[in-house]
Structures are given as C-alpha cells and as structure tokens.
Amino acid sequence: MVRRYIRYRRFMKHKTKFFRIHKLNFDDDKWIKKKSLGNVALFIGDNSSISVLASDFPGCLPNCIYFNHDNDRIAWDNVPSHDYGVYNIESEEISQPYTIDAKKYPPVWIVPPFEASQL
C-alpha cells in the first residue's frame with residue numbers, strides 16, 4: 001500500500017509532501033512499514049498505477065515513486081496539473097524532472113509493451 005501525504009490549501013496549489021509504503025503481513029493481518037522498494041519503481045497517479053523493475057528500463061530510477069496528480073484539473077476546469085515529481089524513498093526528497101510544458105497537458109503514464117514471458 002502506498003500513502004501519499006498532500007498539503008492542501010484552499011484556492012491554492014496542492015502539493016505532495018512525502019509517501020509511506022507498507023506491505024501486508026498476511027500471517028498477522030498487519031501492515032508493516034517498508035523502507036525500500038529495492039529495484040522496483042512505482043508509477044502512481046489519478047489515472048493509473050504500475051510497478052516495474054527499474055533495471056529493465058534505462059533511465060528509470062530504482063526505489064523511487066513517480067507520481068502525478070490531476071484531480072484539480074478535473075475539479076476545476078482549465079486548472080493545469082501541477083503536482084508531478086519523483087519521490088526518492090531513501091533520501092525522502094522530491095525532484096521535478098519535468099519541464100513546465102508538461103504541466104499544460106493531462107498526465108498519463110505511457111506503459112511499455114510487455115511480452116507474455118514477462119507476465
């Protein structure tokens with residue numbers, strides 16, 4: 001489970017502050033906090049979410065959460081999406097690798113094709 005912590009301000013931009021990740025321990029029926037995703041990268045957003053092995057995709061950072069949030073675009077017509085970033089779980093820092101132009105368009109993850117042997 002991934003929990004996103006967002007700072008909300010009335011009539012202002014909402015901003016992701018940090019994430020927490022948990023794994024369900026089925027034996028104890030308890031959520032265990034995780035401190036690493038290892039070689040996994042998560043792509044999460046309002047439109048879809050996936051996980052990939054970062055080493056399978058050049059340029060993809062391991063132990064990171066790529067995120068976008070476009071709920072404001074849906075709620076408020078013509079309000080550009082503004083909450084994009086890459087959260088590094090180890091350093092707990094958010095980077096903004098996207099250009100300003102990226103914020104003009106609705107966010108969507110482009111998912112690479114998978115072969116049947118990869119599933």
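Above: the structure in question.
Position numbers for residues start from 1 in each chain and track the written sequence from start to end. Where local features are concerned, this predicted model is filtered to residues with pLDDT of at least 70; where side-chain atom pairs are given and counted, the filter is 80 or more; whole-chain, interface and lining totals use all residues. Side-chain descriptors were evaluated using all non-hydrogen atoms of the structure, hydrogens and water having been removed beforehand.

1. Let's talk about the pairing of strand 3 (residues 30-34)
Part 1 of the reasoning: In this analysis, strands are considered paired if DSSP registers two or more bridges between them. Every helix listed is a DSSP run of H or I at least four residues long, and every strand listed is a run of E at least two residues long, numbered separately from the N terminus. Two strands pair when backbone bridges link them, and strand 2 (residues 15-25) and strand 3 are joined in this way by five bridges, in the antiparallel orientation. Within the sheet, the bridge partner assigned to Ile 21 lies in strand 3 and is Lys 34.
Part 2 of the reasoning: With antiparallel pairing between neighbouring strands as the criterion, strand 2 and strand 3 make up a hairpin whose turn holds four residues, including Asp 29 at a positive phi of roughly 55 degrees.

2. Quick look at the sheet that holds strand 7 (residues 83-88)
Part 1 of the reasoning: Reading across the sheet, the five strands line up as 5-4-6-7-8 and stay open at both edges, with mixed pairing between neighbours. Among the strands making up the open sheet, the edge pair consists of strand 5 (50-53) and strand 8 (93-95). Taking each pair of neighbouring strands and ignoring which way they run, the sheet shows an average axis angle of 20 degrees.
Part 2 of the reasoning: Relative to strand 8, strand 7 runs antiparallel, the two sharing three bridges. Opposite Val 86, over in strand 8, you have Ser 95 as the bridge partner. Lines fitted to the C-alpha atoms define the axes, with helices restricted to the stretch that makes contact. Angles between their N-to-C directions range from 0 to 180 degrees.

3. Considerations on the sheet that holds strand 1 (residues 2-7)
Part 1 of the reasoning: Strand order in the open sheet made by the three strands is 1-2-3, with antiparallel pairing throughout. At either margin of the open sheet sits one strand with a lone partner, and together these are strand 1 and strand 3. Taken over all neighbouring pairs, the strand axes of this sheet differ in orientation by 35 degrees on average, direction set aside.
Part 2 of the reasoning: Bridge count between strand 1 and strand 2: six bridges; the pairing is antiparallel. Bridge pairing in strand 2 links Tyr 5 to Phe 18.

4. Points about the side chain of Asn 63
Part 1 of the reasoning: Within the secondary structure, Asn 63 sits in the loop between strand 5 and strand 6 (64-69).
Part 2 of the reasoning: Here Ser 36 takes part through its side chain, which lies 3.4 Å from a polar atom of the side chain of Asn 63.
Part 3 of the reasoning: N or O atoms closer than or at 3.5 Å make up a polar contact, with two conditions inside protein: a donor-capable atom paired with an acceptor-capable one, and, for residues adjacent in sequence, both atoms drawn from side chains. One polar contact links the side chain of Asn 63 to the main-chain amide nitrogen of Leu 37, over a distance of 2.6 Å.

5. Quick notes on the environment of Lys 17
Part 1 of the reasoning: Locating Lys 17 in the fold gives a position in strand 2.
Part 2 of the reasoning: Placed 75 residues apart in sequence, Lys 17 and Glu 92 show a C-alpha to C-alpha distance of 9.4 Å.
Part 3 of the reasoning: If we skip the residues at most four places from it in the chain, Lys 17 touches Tyr 5, Ile 6, Arg 7 and Ile 94. What makes two residues a contact is simply this: any of their non-hydrogen atoms within 4.5 Å.

6. Focus on the pattern of salt bridges
Part 1 of the reasoning: Any carboxyl oxygen of Asp or Glu that lies within 4 Å of a side-chain nitrogen of Lys or Arg is treated as forming a salt bridge with it. On inspection of all chains with the given rule, the structure shows one salt bridge.
Part 2 of the reasoning: Where Arg 20 meets Glu 92, a salt bridge forms, and the shortest distance between an N and an O atom there is 3.9 Å. Of this pair, Arg 20 sits in strand 2 while Glu 92 sits in the loop between strand 7 and strand 8, and the two are 72 residues apart along the sequence.
Part 3 of the reasoning: To sort residues, take the accessible area from a 1.4 Å probe on protein chains only and compare it with the maximum for the residue type: under 20% means buried, over 50% means exposed, and anything in between is partly exposed. On the basis of relative accessible area, Arg 20 is assigned to the partly exposed category, the value being 22%.
Part 4 of the reasoning: Take Glu 92: its relative accessible area is 49%, and that puts it in the partly exposed class.

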